[in-house]
Amino acid sequence: MAKLGPGVVVGGLTLGALAVVGLLAFQANGAASRAVAAAPSASSSSSAGAPSAAPSASAQPSAPPLPAESGAGLRVVYSLKDRQVWLVDPKKPVPVVASFKVTPGAVQPSLGAYTVYSRSAASDGSDGRKVEHVVRFAQQSGTVFGFSALVDESAQPTAAPDPKSKPGGIRSSRSDAQQLWDFAPNGTRVVVVA
């Protein structure tokens, strides 16, 4: 049997090592692709339990832009026409920290600027349903206006509420309501735009 020189042995070991590294890189690439496919989409809301570590992840890419007439400073902006809420903090690198759709009540608040004056972790809504993360900002003609989420999301209203009951609750998903709750303590400005 012919004796192999040291160069041939080193070359063989090097080729073997490169083959192993290539295989590991291929497997890692497949794992990364599966992780990206399993990750929630950018339009889904962040987790409901804590303030968002990456708040811009909850801003929907298809959301309308923040209305120009929405004021300045830290605020919650609610568009009646778009049925959209924006949480705005101008001190953040991305000022719109979250944006989400809402389902308004039968009665809408008047356009203007308000202040969050009352909050309840859990309550009964004006329609008698159990709600949570209630953030109230206005009262007009006996109707209380505030943001909240149904405790039982499967009962989320899809049709317009009964106008005879005159509810002013503005409903969102539980995770979006949690974000608004964390963002808007008493004293936070709420700007209602067309």
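Going by the structure above, here's the rest.
Residues numbered from 1 in each chain as written. Predicted model: local features only at pLDDT ≥ 70, side-chain atom pairs only at ≥ 80, totals over all residues. Heavy atoms only, no water.

A closer look at the overall build of the chain
Where we set the bar: A run of H or I in DSSP becomes a helix once it reaches four residues, and a run of E becomes a strand once it reaches two; helices and strands are each numbered from the N terminus. Summary of the burial criterion: residues with accessible area below 20% of their type's maximum are buried, those above 50% are exposed, and those between are partly exposed, where the area comes from a 1.4 Å probe applied to protein chains only. For this analysis, residues touch if any pair of their heavy atoms sits within 4.5 Å. Areas reported here follow the Shrake-Rupley algorithm with a probe of radius 1.4 Å; residue values treat only the protein chains shown as occluding.
For the chain, the count of helices and strands is two helices and nine strands. Overall, the chain shows an N-to-C arrangement of helices and strands of α-β-β-β-β-β-β-β-β-α-β. Residue burial in the chain is summarised as follows: out of 194 residues, 35% are buried. Across the chain, contacts joining residues at least 24 apart in sequence account for 55% of those joining residues at least 6 apart. In the form shown here, the chain has an accessible surface area of approximately 10,900 Å², with 62% of it arising from carbon and sulfur atoms.

Thoughts on the packing of aromatic side chains
Two aromatic rings, taken as a pair, are described by how far apart their centres are and by the angle between their planes. Heads up, the condition is: In summary, the pairing rule links any two rings of Phe, Tyr or Trp, Trp by its six-membered ring, whose centres are within 6.5 Å, and it sorts them by plane angle into stacked for under 30 degrees, edge-to-face for over 60 and tilted for everything else. Two thresholds decide whether a charge sits over a ring: the Lys NZ or Arg CZ must be within 6 Å of the ring centre and within 35 degrees of the ring normal.
A full pass over the atoms with the stated rule returns three aromatic pairs. Pairing Tyr 78 with Phe 147 gives two aromatic rings, centres 5.9 Å apart and planes at 85 degrees, and the pair type is edge-to-face. Remark: Phe 147 occurs in strand β7 (residues 143–150) and Tyr 78 occurs in strand β1 (residues 75–79); sequence separation between them is 69 residues. Comparing Tyr 78 with Phe 147 shows no difference in burial state: the two are buried. Clustering of aromatic rings is evident, with ring pairs tying together Tyr 78, Tyr 114, Phe 137 and Phe 147. A cation over a ring is seen here: Arg 119 above Trp 181, with NZ or CZ 3.7 Å from the ring centre.

Side note on the sheet that holds β1
In plain terms, the rule: One requirement defines pairing of two strands: DSSP has to find at least two bridges between them. A fitted line through C-alpha atoms represents every axis, and for helices the fit uses only the stretch in contact; the resulting angles, taken between N-to-C directions, go from 0 to 180 degrees.
Within the open sheet, the five strands sit side by side as β3-β2-β1-β9-β4. Their pairing is mixed. Pairing within the sheet leaves two strands with one partner each, and these edge strands are β3 (96–101) and β4 (112–115). Strand-to-strand twist in this sheet, taken as the mean axis angle between neighbours without regard to direction, amounts to 20 degrees. Along the sheet, helix α2 (residues 174–183) makes contact with β1, β2 (84–88) and β3, crossing β2 at roughly 35 degrees.

Observations concerning the sheet that holds strand β5 (residues 118–124)
Spatial ordering of the open sheet is given by β5-β6-β7-β8, a layout of four strands whose pairing is mixed. In the strand order of this sheet, the two ends are held by β5 and β8 (169–172), each with one partner. Along the sheet, successive strands turn relative to each other by an average axial angle of 30 degrees, direction set aside. In the sheet, β5 pairs with strand β6 (residues 130–140) via six bridges, with the strands oriented antiparallel. Among the inter-strand pairings, Arg 119 is bridged to a residue of β6, identified as Val 135. Across the sheet, α2 touches β5, β6, β7 and β8, and the angle it forms with β6 is around 55 degrees.

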